[in-house]
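As a plain string of letters, each chain reads:
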Amino acid sequence: MCGIAGMVSTSLPDPDLVRRMCEVIEHRGPDGKGFHFDEHAALGMRRLAIVDVATGDQPVYNEDEQIVAVFNGEIYNFTDLRQDLAEQGHRLRGTGDSECLVHLYEQYDTDMVHHLRGMFAFAVWDRKRGRLLLARDRVGKKPLYWRSEEDSIWFASELKSLERDHRLRRDVDPVALHHYLTYQYVPAPWSIYKRVHKLPPGHLLIWERGEVTVRRYWELDGTPRQVTDVAEEEERLRELLLEATRIRMVSERPIGAFLSGGIDSSTVVAAMAMQSSQPVKTFCVGFEESQYDERHKARIVADRYGTDHHEFVVTSRLLDVLPRIAWHFDEPFADSSAIPSFYVAQLSRQHVTVVLNGDGGDEGFGGYQRYILMGKARWIPGMPRAVGATFARVGDLVAERSDAGSLSRRLGRLMQFAGERPSQRYARLMSSFTPRWKSEIYSDELRGLLAETDSYQLFEEAFKRSRALTDLGRILDVDVSTYLPGDLLVKVDITSMANSLEARSPLLDHRLMEWAAGLPVGLKVRNGNTKLLLKRAVSPWLPKEILDYPKQGFGVPLASWLRGELRELAFDVLTDATARGRGLFRPAVVRNLLQRHIGGADHSLRIWTLLQLELWYRAHAAPQDHTVTGCPALST
């Protein structure tokens, strides 16, 4: 794992603490080192060297060494920035992107973030003002945790670094746990620990003499613009795709691409191949179960562009990697596609150091099947709450007895929506545990503690904040601010960095995203079809069978695994004395959930969510938290 770590204090920092924090970031032994700027600040980092390998060491300083920065990520427009800064009189010593930060801060103060194009988490220390600036990229590709206490602030790319401070009590935040059970991840600004926060995407933090200010500097504007010539929009989209891909192909290390065979990754590979003098190296994982295996689609694109193609098959026999994945994810994380993501990163790292991927295409251009389902849901008539609740309960039963992607599953989902607002419908659709399920499974202590906490409020707030004019447009905005940074980008960053691989996402270029956000929603989803404009734009690039193929997603055969090879693991981990002793869930309900799944109902998502939580506890929680009763780790 690569990243930054540091501590700033108005009193003398603990050099050993900073060293230990940086050990985690650098994965070094007892002689790992932190960087000490002066008596008031200490920071450190380790960055995967991709650009400016020879002279890109950090931290970086301005001319008089009063401004200093550490940085994780990549700035793709650094060449232009260096030229502009030099013309304004700044003296740059190296040749890479990191040094731009200190001079941009000198020139523009906190507005420096608006000049950056890339993925980043960085810290700038202003010695004269006693001021620390933390910032995270617009979409949230790179993580940044922080905590503040009295006259000090700590920050890091990994919770593991902050955990090295013995003064941090690792009390699990019950609200964060509550949200995790809904969304399968802990959303920012929460972290799983009470006294630690995540800086949200598109935000910056200023710490000055013990005072903390957090503010948003970027948000996608979904206000639709008028489109009079669709052909012109197609041409403009192709230009943007090629340019966003080209600037991400700059690397002093070998580069390749993830290729699932879906439209998004296939588009990126096509854009790379058209701008590369060498065959693109492509990487794909598949499954023995044909309904989850897309390798045949990836091969079609690989053959079309003559790529150097590599494949790997994930089976349940390989799932002994689960404890390792739980260790790399510093917080509970229940997206099962982390498994194939880990293996495709591992495969890729055998050949390259940088990969491009297709992340962001679904959110930017309307690719998920759930968008079609939500469009159909608008025709559900309003009904009294009691009647709607009855429909929802029946829908629950139908959905859990149906196969993923089946017509009956979709019908059950529609019934679940009865009597709910669009934001609630979408929150339910994205839920692992609904409020009813939480009430049923929580222990009496936990239920009482969280009685007034509504996880769906996060979606409600995102809906209200959206500037889109339709419910479907608002749903796209909600995904960009919740699911994308909380789930997808966390998964890709951690699984790639765990294998010392850097992942870059052309479709998440903020200029491309801003352009796509202004498209009328009818150019994205209409009449049961998705990604309308994107498909039209890339039709000259991709084979017809790829464009016409139904979306599968990056799923895994979770339900069958939990009835087969993982059945014993799930029962053992979720029902043993350690799990029961935490006092979080009612043991009888957990056991009944497992048994009902074995009996044919599909509770795989809920079981997996509980399993990943328990594996996280065993990998990360403080030793005294492993056998708790009465929820002391959740006390207020």
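These notes cover the structure that comes with them. (Residues numbered from 1 in each chain as written. Predicted model: local features only at pLDDT ≥ 70, side-chain atom pairs only at ≥ 80, totals over all residues. Heavy atoms only, no water.)

A look at the overall build of the protein chain
- What the protein chain contains, in helices and strands, is 28 helices and 17 strands.
- In the protein chain, buried positions account for 61% of the 636 residues. (Helix = DSSP H or I, 4+ residues; strand = E, 2+ residues; numbered from the N terminus. Buried < 20%, exposed > 50% of the residue type's maximum accessible area, 1.4 Å probe, protein only.)

Focus: the environment of Glu149
- Here Glu149 lies in strand β8 (residues 145–149).
- Given the relative accessible area of 34%, Glu149 is considered partly exposed.
- Separated by 61 residues in sequence, Glu149 and Gly210 have C-alpha atoms that sit 8.2 Å apart.
- Of note is the side chain of Glu149, whose polar atom sits 3.1 Å from the side chain of Arg147. (Polar contact = N/O pair within 3.5 Å; in protein donor to acceptor, adjacent residues only side chain to side chain.)

Let's talk about the packing of helix α18 (residues 457–465) against helix α19 (residues 471–481)
- In contact at an axis separation of 9 Å, α18 and α19 are set at 120 degrees when each is read in the N-to-C sense. Between α18 and α19, the angle falls in the class oblique. The handedness of the crossing between α18 and α19 is right-handed. Touching Phe459, Ala462, Phe463 and Arg465 of α18 are Asp471, Arg474, Ile475, Val478 and Ser481, all from α19.
- Residues of the contact of α18 with α19, tallied by class, amount to five nonpolar, one polar and three charged. (Axes fitted to C-alpha atoms, helices over the stretch in contact; angles between N-to-C directions. Parallel < 35°, antiparallel > 145°, perpendicular 65-115°, else oblique. Left-handed = near helix turned anticlockwise from the far one by under 90°. Contact = heavy atoms within 4.5 Å. Nonpolar A, V, L, I, M, F, W, Y, C, P; charged D, E, K, R; others polar.)

Remarks on helix α27 (residues 587–598)
- Its 12 residues give α27 an end-to-end C-alpha distance of 17 Å, which sits within 8% of 16 Å, the value for a rise of 1.5 Å per residue.
- Against the buried residues of α27 lie α16 (435–441), α24 (558–563), α25 (567–575) and α28 (604–620).
- The first or second residue beyond α27 is Gly600, which carries a positive phi of 125 degrees. (Expected span 1.5 Å × (residues − 1).)

Structural notes on the packing of aromatic side chains
- The final tally for this structure, using the stated rule, is 13 aromatic pairs.
- The cationic tip of Arg147 hangs over the ring face of Trp154; the distance from NZ or CZ to the ring centre is 3.9 Å. (Phe/Tyr/Trp six-rings, centres within 6.5 Å; stacked < 30°, edge-to-face > 60°. Lys NZ or Arg CZ within 6 Å of the ring centre and 35° of its normal.)

Focus: the sheet that holds strand β16 (residues 354–356)
- The strand order across the open sheet built from five strands is β15-β14-β13-β16-β17, with neighbouring strands paired in parallel fashion. Taken across any chain shown, the strands that pair with only one partner, and hence form the sheet edges, are β15 (308–314) and β17 (502–504). Each adjacent strand pair in this sheet contributes to an overall mean axis angle of 30 degrees, direction not counted.
- In terms of strand pairing, β16 meets β17 through three bridges, oriented parallel. For Leu356, the partnering residue across the bridge sits in β17 and is Arg504. (Pairing = 2+ DSSP bridges.)

What to know about the sheet that holds strand β6 (residues 118–126)
- The sheet built from six strands is open, its strands ordered β4-β5-β6-β7-β11-β12 with antiparallel pairing. The open sheet has two free edges, formed respectively by β4 (60–61) and β12 (211–216), since each of these has just one partner strand.
- Strand direction decides the pairing type here: strand β7 (residues 131–136) and strand β11 (residues 203–208), joined by five bridges, are antiparallel. Residue pairing across strands places Arg131 opposite Glu208, the latter belonging to β11.

Considerations on the nonpolar core
- Counting residues in each nonpolar core, the largest one holds 131 residues, and the members touching the most others are Met112, Phe122, Ile339, Tyr426 and Phe585.
- If we skip the residues at most four places from it in the chain, Met112 touches Leu101, Leu104, Tyr105, Phe122, Val124 and Leu133.
- Formed by 34 residues, the second largest nonpolar core is a distinct cluster that contains Ala257, Ala271, Cys284 and Leu356. (Core = buried A, V, L, I, M, F, W, Y, C linked by side-chain atoms within 4.5 Å.)

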